[in-house]
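# A look at the structure
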Protein chains: 2
Amino acid sequence: MSAERVDVEQKVLSANDQIASEVRGRLAGHGVFSVNILSSPGSGKTTLLERTVDLLKPSLRLAVVAGDVQTRNDAERLERHGIPVQAIETGGGCHLNARQVSESLESLDLGEMDLLFIENVGNLVCPSSFDLGESRKVVLLSVTEGEDKPLKYPAAFRRAGVLVVTKVDLVPHVEFSTQTAIENALSINPDLVVLSTSSYTGEGLDSWAEWLTGQVTECKQGS
Amino acid sequence: MSAERVDVEQKVLSANDQIASEVRGRLAGHGVFSVNILSSPGSGKTTLLERTVDLLKPSLRLAVVAGDVQTRNDAERLERHGIPVQAIETGGGCHLNARQVSESLESLDLGEMDLLFIENVGNLVCPSSFDLGESRKVVLLSVTEGEDKPLKYPAAFRRAGVLVVTKVDLVPHVEFSTQTAIENALSINPDLVVLSTSSYTGEGLDSWAEWLTGQVTECKQGS
């Protein structure tokens, strides 16, 4: 990689970090807890969010910023669950950046929000480098992707606070040891909170909802 | 995105295209047919290659260039099948570039090769922008990823010559219409050759091997 390119990339990251810091301040000022959800395409981000919204909507005020390279499909699926959703189409861009999130927040009422989900572009590499001002990064790994993904794509797992293993209902049909996958993830980041879930059977979703609710409560106490 | 960043990106792409063109010339000079394999992490690129190598090794001289963000896992799996393999660790890079492929070819004997597989980094966004000098791009989509991926990540499907649907043995266990996924892909690129496969049951692998063998024959006739 050329020195010129590295220099420009550092400038881009530094400018992003400054906007991310502003976003973090705005969210904290309103006591909003936020998660930036990272995973490969097709790991089940949107389906997990649909189930999570149904579980938490009676007790918390929710909103979603949903990023995609193309289409508003994910945003439209989530809107049907009756919460405010802002779609970001990156038009080829391989990750969300803090400016896009900051602009999306202009159309959301932070005073009427407890928990903000930011669904990143499906990509296990690039999104991990860009702080969006979130409280925590959450990385999803579906059981169909293989146990070695934390070792092969370590940055996302190193920077996340939580690993949500998804689609565990498919374990009987694939060659996948959940234990080995979790051990691999913990070897990259021993502080990861690990949850195993199936959006199809509902397994593990209560624990995930409890974790989120606990974080929201802590966030309100701190604000 | 800043004008400065766009300018640097265009320079990077242009420099890459020049090296890709040199790679294409070297491969053509030796009558080597090559495929650049793109997909999300965990779509089954390496497993498909393992099965393909076993099928084609008796009749064709094969080699692999295997890219990964981190680890040499995929290269080691493929080496066990008794063919020359060059590993590229990108160290955080989200795609292979033509220079990396060009350098890998220095360690491979093009005079003893009919078919070169280039296994790209698992990422459905960035690799599609970088020509590696390959004869054809092949995009994999596993049935666990959802039917909408061609619409959400169109560039990879637009630039590929072949779509290999993988893991079709899992169709009974997931909500996935192979027909809808293929229709979505063809709406992006009507010229796609489409193959449905399972590396687990072997379904469709003969058709894939036949397609590759046919391309190698055409390539030899043209060289």
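Quick summary incoming for the structure in this document. (Residues numbered from 1 in each chain as written. Chains lettered and ligands numbered in written order. Predicted model: local features only at pLDDT ≥ 70, side-chain atom pairs only at ≥ 80, totals over all residues. Heavy atoms only, no water.)

### Brief notes about the sheet that holds strand 2 (residues 62-68) of chain A
All names here are of chain A.
- If you trace the seven strands from one edge of the open sheet to the other, you get 3-2-4-1-5-6-7, paired in parallel fashion. Sheet topology places strand 3 (85-89) and strand 7 (193-196) at the edges, where each strand pairs with a single neighbour. With direction set aside, neighbouring strand axes in the sheet form an average angle of 20 degrees.
- As defined by bridge partners, strand 5 (residues 136-142) adjoins strand 6 (residues 162-166) across five bridges and the pair is classed as parallel. Looking at the pairing, V138 lines up with V162 of strand 6. (Pairing = 2+ DSSP bridges. Helix = DSSP H or I, 4+ residues; strand = E, 2+ residues; numbered from the N terminus. Axes fitted to C-alpha atoms, helices over the stretch in contact; angles between N-to-C directions.)

### Quick word on the pattern of salt bridges
- Under the criterion given, the structure shown has 26 salt bridges over all chains.
- One salt bridge connects R26 of chain A with E106 of chain A, and the closest N-O pair in it is separated by 3.1 Å. Of this pair, R26 of chain A sits in helix 1 (residues 3-29) while E106 of chain A sits in the loop between helix 4 (98-105) and strand 4 (115-119); the two residues are 80 residues apart in sequence, bridging distant segments of the chain.
- Of the residues examined, E106 of chain A reaches a relative accessible area of 59% and is grouped as exposed.
- For R61 of chain A, the salt bridge is made with D114 of chain A, and the minimal N-O distance between the two is 2.9 Å. Here R61 of chain A is found in the loop between helix 2 (45-56) and strand 2, whereas its partner D114 of chain A is found in the loop between helix 4 and strand 4, with 53 residues between them in sequence.
- With a relative accessible area of 8%, D114 of chain A lands in the buried category.
- Bridged by salt links that share partners, the residues D68 and D74 of chain A together with D148, K149 and K152 of chain B form one connected network. (Salt bridge = Lys/Arg side-chain N within 4 Å of Asp/Glu carboxyl O. Buried < 20%, exposed > 50% of the residue type's maximum accessible area, 1.4 Å probe, protein only.)

### Focus: helix 7 (residues 178-188) of chain A
All names here are of chain A.
- Among the residues of helix 7, A181, I182, N184 and A185 are the ones counted as buried. One side of helix 7 carries all its buried residues, which in axial view fall inside an arc of 155 degrees. Exposed positions of helix 7 whose direction lies more than 90 degrees from the buried face are Q179 and S187.
- The secondary structure elements touched by the buried residues of helix 7 are strand 5, helix 5 (149-152), helix 6 (154-159), strand 6 and strand 7. (Arc of directions from axis to C-beta. Contact = heavy atoms within 4.5 Å.)

### Thoughts on the relation of the copies chain A and chain B
- For these two chains of identical sequence, chain A goes onto chain B by a turn of 180 degrees and a shift of 0.0 Å along the axis, with RMSD 0.0 Å. Here the copies are linked by what is in effect a two-fold axis.
- Comparing interface residues between copies, 100% of those in chain A also lie at the interface in chain B; the contact surface is shared. (Least-squares fit on C-alpha atoms with pLDDT ≥ 70 in both.)

### Re the nonpolar core
- Among the nonpolar cores identified, the biggest contains 48 residues, and F157 and L163 of chain A together with F157 and L163 of chain B are the most heavily contacted of them.
- When residues of this core are traced back to their parent elements, those giving at least two are strand 5, helix 6, strand 6 and helix 7 of chain A together with strand 5 (136-142), helix 6 (154-159), strand 6 (162-166) and helix 7 (178-188) of chain B.
- With residues near it in sequence (within four places) discarded, L163 of chain A still touches V139, L141, F157, A185, L192, V193, V194 and L195 of chain A. (Core = buried A, V, L, I, M, F, W, Y, C linked by side-chain atoms within 4.5 Å.)

### Notes on the sheet that holds strand 6 of chain B
All names here are of chain B.
- Overall, parallel pairing links the seven strands, which are arranged 3-2-4-1-5-6-7 in an open sheet. The open sheet has two free edges, formed respectively by strand 3 (85-89) and strand 7 (193-196), since each of these has just one partner strand. Neighbour to neighbour, the strand axes of the sheet diverge by 20 degrees on average, direction disregarded.
- Docked against the sheet, helix 2 (residues 45-56) engages strand 1 (33-38), strand 2 (62-68), strand 4 (115-119), strand 5 and strand 6, running at close to 170 degrees with respect to strand 4.

### Structural notes on the pairing of strand 5 of chain A
All names here are of chain A.
- Counted residue by residue, strand 5 has six buried out of seven residues, so it is predominantly covered.
- The pairing of strand 1 (residues 33-38) with strand 5 spans four bridges and is classified as parallel. Considered in strand 5, the bridge of L38 is made with V139.

### A closer look at the packing of aromatic side chains
Residues and elements named next belong to chain B.
- For the coordinates displayed, the defined rule picks out four aromatic pairs over all chains.
- Measuring from centroid to centroid gives 6.0 Å for F33 and W211, while their planes differ by 70 degrees, and the two rings are edge-to-face. Taken as a pair, F33 in strand 1 and W211 in helix 8 (residues 205-222) lie far apart in primary sequence, 178 residues in all.
- Since its relative accessible area comes to 12%, W211 is described here as buried.
- When the centroid spacing of 6.1 Å and the interplanar angle of 5 degrees are considered together, the rings of W208 and W211 count as stacked. Of this pair, W208 and W211 are both found in helix 8, three residues apart, which corresponds to roughly one turn of the helix.
- Assessed through its relative accessible area of 0%, W208 is described here as buried. (Phe/Tyr/Trp six-rings, centres within 6.5 Å; stacked < 30°, edge-to-face > 60°.)

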